[in-house]
Amino acid sequence: MGVYVEVFNGMTYDEMLPIIKEVGFDGFFTNWEYATDLEKMRYYKNMGEKLGLDCETSHAVIPGSNTVWIPGRDGDDFIDLMKQNTDNCNALGIDTLVVHIQPKKPEDPQFEIGVKRFDTLVKYAKEKGINIAFENIGMPSFLYRTLDAFQDSNVGFCYDSGHEACCTNGYRHLEKLGDRLMCTHLHDNDNRSDLHLIPYDGEIGFDRVVNDIRACSYKGNITLELNYESYAEKMSKYDYLKKAYDVAVRIRDAINK
């Protein structure tokens, strides 16, 4: 069980990667802004490898993902974009693409339209040897129904603790989806806004999160998804990432007890 991190605001990957290697992280994942840029993904994956860091997953493009559930050409175009993201993972040997199941509630969502579109993506990804990890945002019923619809070996769940708290407070997704858990995006917040704080710095109550992960018998990595901006005035990048590493190890060790 490795410890991984991605920081999507407040520092560049050129700054982040050498520091996370120094403080002890095993690797990182590439964020959605790079998902369609094969050369940028290749640059950072190669940079990480030279430092001895593993590139765990790729986060698929986020803007437009709500269109999957809405009639019209935009949803079809978005699935084509996901196929491009899948091709990039295949080209770089990244075995898992994290896909937002629902970034925000769309107008007139239609499950049958979305699941038919995702069926083409799942089949395409399987042909390419890529896992699809659907990540929780809002509308839990669509997440649960989607994972029920795809029992394929290359389909699983990316658990996002922050989204669970601020988008669907009161739900405990791992109680329903723990056996499909493929990867994690762990971060904290105030139960209202998607702050991406270091775990235990917000109000979620991470002992409960740890217990839920432990109950799944999860053996994958502990991966944090963070935003440095709210820490920038009080902590250096090094101190911030060292703190994040210490917390990731604390979570990993608690799960493994």
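Look up: the structure comes first, before these words.
Q: Pulling in residues and values, what's your account of the packing of aromatic side chains?
A: Geometry of an aromatic ring pair is reported as the spacing of the ring centres plus the angle between the planes. Counted according to the given criterion, the structure contains 16 aromatic pairs. Each ring, one from tyrosine 13 and one from phenylalanine 28, has its centre 6.1 Å from the other, and the planes form 90°; the classification is edge-to-face. Residue tyrosine 13 is found in helix H1 (residues 13-23), and its partner phenylalanine 28 is found in strand E2 (residues 27-30); the two are separated by 15 residues along the sequence. The exposure class of tyrosine 13 is buried, given its relative accessible area of 2%. With a centroid separation of 5.4 Å and 80° between ring planes, the pair formed by phenylalanine 25 and tyrosine 245 is classed as edge-to-face. With phenylalanine 25 in the loop between H1 and E2 and tyrosine 245 in helix H9 (residues 237-255), the pair connects residues that are 220 residues apart, well separated along the chain. In this structure tyrosine 245 comes out as buried when scored by relative accessible area, which is 19%. In textbook terms, an aromatic cluster arises when at least three aromatic residues are bridged by ring pairs, as seen for Trp69, Phe111, Phe118, Phe134, Phe142 and Phe150. Between the NZ or CZ atom of arginine 145 and the centre of the ring of phenylalanine 111, over which it lies, the distance is 3.9 Å. Lying over the aromatic face of tyrosine 231, lysine 234 brings its terminal NZ or CZ to 5.2 Å of the ring centre.

Q: An account of the packing of helix H3 (residues 73-92) against helix H4 (residues 111-128) is needed here, citing residue identities and associated values.
A: Two elements in contact, H3 and H4, have axes separated by 10 Å at closest approach and are oriented at 15°. The angle between the axes of H3 and H4 places the two elements in the roughly parallel class. In the packing of H3 onto H4, the handedness of the crossing is right-handed. Note on element contacts: H4 touches H3 through Arg117, Phe118, Thr120, Leu121, Tyr124, Ala125 and Lys128, opposite Gly75, Asp76, Ile79, Met82, Lys83, Thr86, Asp87 and Asn90. For the contact of H3 with H4, the per-class residue count stands at six nonpolar, four polar and five charged.

Q: I'd like to hear about helix H2 (residues 38-51), residue by residue, with values.
A: An ideal rise of 1.5 Å per residue puts 20 Å on 14 residues; H2 measures up with 20 Å between its terminal C-alpha atoms. Among the residues of H2, Met41, Tyr44, Lys45, Met47 and Gly48 are the ones counted as buried. Mapping the buried residues of H2 onto a view down its axis gives an arc of 160°, with all of them on the same face. Packing partners of the buried residues in H2 comprise H1, E2, strand E3 (54-59) and H3. Downstream of H2 by one or two residues, glycine 52 has phi in the positive range, about 90°.

Q: An account of the nonpolar core is needed here, citing residue identities and associated values.
A: One finds Phe118, Phe134 and Tyr240 to be the most contacted residues of the largest nonpolar core, which totals 84 residues. Of the residues forming this core, the biggest block, ten residues, is contributed by H9.

Q: Now, about the environment of methionine 16: what can you tell me, with residues and values included?
A: With respect to the helices and strands, methionine 16 occurs in helix H1. If we skip the residues at most four places from it in the chain, methionine 16 touches Val5, Glu6, Val7, Met11, Phe28 and Leu241.

Q: A description of the pattern of salt bridges should follow, citing residues and the corresponding values.
A: Throughout the structure, instances matching the rule amount to 19 salt bridges. Ionic pairing is found between lysine 243 and aspartate 201, a salt bridge with its closest N-O pair at 2.9 Å. Taken together, the residues lysine 243 in helix H9 and aspartate 201 in the loop between strand E7 (181-185) and helix H8 (206-215) connect sequence positions 42 residues apart. One connected set of salt bridges, linked through shared partners, spans Arg73, Asp76, Asp77, Asp80 and Arg117.

Cut-off values and rules
- Residues numbered from 1 in each chain as written.
- Predicted model: local features only at pLDDT ≥ 70, side-chain atom pairs only at ≥ 80, totals over all residues.
- Heavy atoms only, no water.
- Phe/Tyr/Trp six-rings, centres within 6.5 Å; stacked < 30°, edge-to-face > 60°.
- Helix = DSSP H or I, 4+ residues; strand = E, 2+ residues; numbered from the N terminus.
- Buried < 20%, exposed > 50% of the residue type's maximum accessible area, 1.4 Å probe, protein only.
- Lys NZ or Arg CZ within 6 Å of the ring centre and 35° of its normal.
- Axes fitted to C-alpha atoms, helices over the stretch in contact; angles between N-to-C directions.
- Parallel < 35°, antiparallel > 145°, perpendicular 65-115°, else oblique.
- Left-handed = near helix turned anticlockwise from the far one by under 90°.
- Contact = heavy atoms within 4.5 Å.
- Nonpolar A, V, L, I, M, F, W, Y, C, P; charged D, E, K, R; others polar.
- Expected span 1.5 Å × (residues − 1).
- Arc of directions from axis to C-beta.
- Core = buried A, V, L, I, M, F, W, Y, C linked by side-chain atoms within 4.5 Å.
- Salt bridge = Lys/Arg side-chain N within 4 Å of Asp/Glu carboxyl O.

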